[in-house]
Amino acid sequence: RVVLKPREEDRLIRGHPWVYDNEIARVQGSPVAGDAVALESARGRFLGTALWSPASKIRARRYSDEALPFASHLRPALDRALKLRAAEFDLDRESCRVVFGEADGLPGLIVDRFVGEAPDAVKGSWLSVQVLAAGMAAHKSAVVEALEAALSPNGIMERSEAPVLAYEGLKPSVGILAGSVPQSLTMLENGLRFEVDLASGQKTGWFLDQARNRAAAARRAGGLRVLDAFCNQGGFGLACAAAGAASVLAVDSSAPALAAVTANAARNGLSDQVSTREANAFDLLRELERSGERFGLVVLDPPAFAKNKASVEGALRGYKDINLRAMKLLEPGGYLVTCSCSSWVDRDSFMSTIADAAADARRRFRVLEERPAAPDHPALLGYSESRYLKCAILQAL
């Protein structure tokens, strides 16, 4: 039993699932990693059941409002998560995130399901799993068993290698957990074929959270010259090319990422429309501005600039810089698709920074859409960390 200090329960009552070490008054018993612990307020109010992580600042992660053993919770929670995805996706054809940690009642667990074809022409589905909390790591075998029973994948790859593991007292863990997993497979997104590297691609192999935002950007791209900055493997740029963009310039500082863009363009018959440039996007945006280049649509999808609270101020300066440069590159009536994937930068701060950039660029914009992550990445009310992705689509006036 974990008893909180006075007045520390308010955040949990409003939906947040985490209990920090400095919020705890006392612990009854000697729980070890993965144990289910009852949460109580200082006045004895029951607040739910959580998984215990003894080395972490996030000492307990709530998974249920009921007094429920995790073994009894796991499969029903997974079934509810799958039901949500089945309502939003064609699971026979579409890849998606089937478990999004705390938002699905499975804290510290990420599971992406990729549907596609392996190089040996074997068709099927493969899971890419991240276990990011010590409390969940203790149940890894049970998780794998539940995933196999619920989804019957061809194989399960673990990609638990995020920096946060060090704070949980865990070591990185990468390898095949079940079945067989190819080095790469080809999946469909927005009607396009992309190669996904399950073993060494970024995160779980592909950024599924932007799938519908890429389609939204592509709807504006017809006939336009497109700049896809921080392009990674080309999800935004190739969607725009397929939608009829006149040309796409894909920019990234990673040569392997650009090689993937080139290969994916060829795979989809889009090579004539897509070119790549290896460069630091900050520098290239300035260079393009100085040379008088103009684009009808600019995409900014950078990596997370803010990794913690202390880095937020610097991150906002970075967002302002790239948005200011992109705004100056836009033709009249052109579109800016600008994103932040940092949970430390909230929506209001991000949009205010974009407004500041527009003022400095001496240009006016209208906001056409503000878009979150795709619905396979649901947000948990009261848990702002789950609303990490912001995507705004603006039009220059």
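Provided above is the structure to which this section pertains.
The structure displayed is predicted, hence computed values, not measured ones.

Q: Requested: an account of the sheet that holds strand E14 (residues 225-229), with residues and values cited.
A: On the basis of which strands lie adjacent, the open sheet formed by seven strands has the order E16-E15-E14-E17-E18-E20-E19 and mixed pairing. For this open sheet the edge positions go to strand E16 (274-278) and strand E19 (365-371), each flanked by a neighbour on one side alone. Each neighbouring strand pair of the sheet contributes to a mean axis angle of 15°, computed without reference to strand direction. The sheet contact formed by strand E18 (residues 330-340) and strand E20 (residues 390-396) spans six bridges and is antiparallel. Looking at E20, one finds that Cys-339 is bridged to Cys-391.

Q: Hey, could you go over the pattern of salt bridges for me, with residue numbers and the actual values?
A: Going through the model one piece at a time under the given rule, you end up with 26 salt bridges. With a closest N to O distance of 2.7 Å, Glu-293 and Arg-225 form a salt bridge. Residue Glu-293 is located in the loop between helix H8 (281-290) and strand E17 (295-300), and its partner Arg-225 is located in strand E14; the two are separated by 68 residues in the primary sequence. Given the relative accessible area of 24%, Glu-293 is considered partly exposed. Taking relative accessible area as the criterion, Arg-225 reaches 31% and is therefore assigned partly exposed. When the shortest N-O distance is used, the salt bridge between Arg-286 and Asp-321 registers 2.6 Å. In this pair, Arg-286 is assigned in helix H8 and Asp-321 in helix H9 (residues 312-329), connecting sequence segments 35 residues apart.

Q: Quick rundown of the nonpolar core? Include the residues and the values.
A: Core analysis: the biggest nonpolar cluster contains 40 residues, and Phe-114, Met-187, Val-274, Leu-297 and Val-337 have the highest contact counts within it. For this core, the element with the most residues is helix H6 (residues 235-242), which contributes five residues. Not counting residues up to four positions away in its chain, the partners in contact with Phe-114 are Ser-95, Gly-124, Ser-125, Trp-126, Ser-128, Leu-185, Met-187, Val-196, Leu-198, Thr-204, Trp-206 and Leu-208. Membership of the second largest hydrophobic core comes to 34 residues, among which are Leu-284, Met-327, Ala-392 and Leu-394.

Q: Explain the layout of surface pockets residue by residue, including any values.
A: Leftover empty space is mapped by rolling, across the atoms, a probe with the size of a water molecule. Put simply, the second largest pocket is a space of about 500 Å³. Listing elements by their share of the lining of the second largest pocket, those giving two or more residues are helix H1 (10-13), strand E5 (46-52), strand E6 (58-64) and helix H2 (70-88). The biggest single contributor to the lining of the second largest pocket is H2, with six residues.

Q: Mind laying out the packing of helix H5 (residues 211-218) against H6, listing which residues take part and the relevant values?
A: Where H5 meets H6, the closest approach of the two axes is 8 Å, and the angle between their N-to-C directions is 40°. When the axis of H5 is compared with that of H6, the two are oblique. Note that H5 runs across H6; the crossing there is right-handed. Here Asn-213, Arg-214, Ala-217 and Ala-218 of H5 lie close against H6, whose contacting residues are Gly-235, Phe-236, Ala-239 and Cys-240.

Q: An account of the packing of aromatic side chains is needed here, citing residue identities and associated values.
A: Inspection of every chain in the model, using the stated rule, returns ten aromatic pairs. Ring geometry for Phe-100 and Tyr-388: centres 6.1 Å apart, planes at 55°, overall tilted. Note that Phe-100 is positioned in strand E7 (residues 96-100) and Tyr-388 in the loop between E19 and E20, a separation of 288 residues in sequence. Judged on exposure class, the residue Phe-100 and its partner Tyr-388 are both buried. In this structure, Arg-214 is placed above the aromatic ring of Phe-236, and the distance from its NZ or CZ to the ring centre is 5.8 Å.

Q: Any chance you could break down the sheet that holds E5 for me, citing the residues and the numbers?
A: Taking strand neighbours across the sheet as the criterion, the six strands line up as E2-E6-E5-E4-E1-E3 in an open arrangement whose pairing is mixed. Edge strands, defined here as strands with exactly one partner in the open sheet, are strand E2 (18-20) and strand E3 (24-27). Across the sheet, the mean angle separating the axes of adjacent strands is 35° when strand polarity is ignored.

Parameters at a glance
- Residues numbered from 1 in each chain as written.
- Predicted model: local features only at pLDDT ≥ 70, side-chain atom pairs only at ≥ 80, totals over all residues.
- Heavy atoms only, no water.
- Pairing = 2+ DSSP bridges.
- Helix = DSSP H or I, 4+ residues; strand = E, 2+ residues; numbered from the N terminus.
- Axes fitted to C-alpha atoms, helices over the stretch in contact; angles between N-to-C directions.
- Salt bridge = Lys/Arg side-chain N within 4 Å of Asp/Glu carboxyl O.
- Buried < 20%, exposed > 50% of the residue type's maximum accessible area, 1.4 Å probe, protein only.
- Core = buried A, V, L, I, M, F, W, Y, C linked by side-chain atoms within 4.5 Å.
- Contact = heavy atoms within 4.5 Å.
- 1 Å grid on protein atoms, 1.4 Å probe; cavity = no way out; pocket = protein on both sides within 12 Å on 5 of 7 lines; lining within 4 Å.
- Points joined across faces, edges and corners; volume = space filled by probe spheres on them.
- Parallel < 35°, antiparallel > 145°, perpendicular 65-115°, else oblique.
- Left-handed = near helix turned anticlockwise from the far one by under 90°.
- Phe/Tyr/Trp six-rings, centres within 6.5 Å; stacked < 30°, edge-to-face > 60°.
- Lys NZ or Arg CZ within 6 Å of the ring centre and 35° of its normal.

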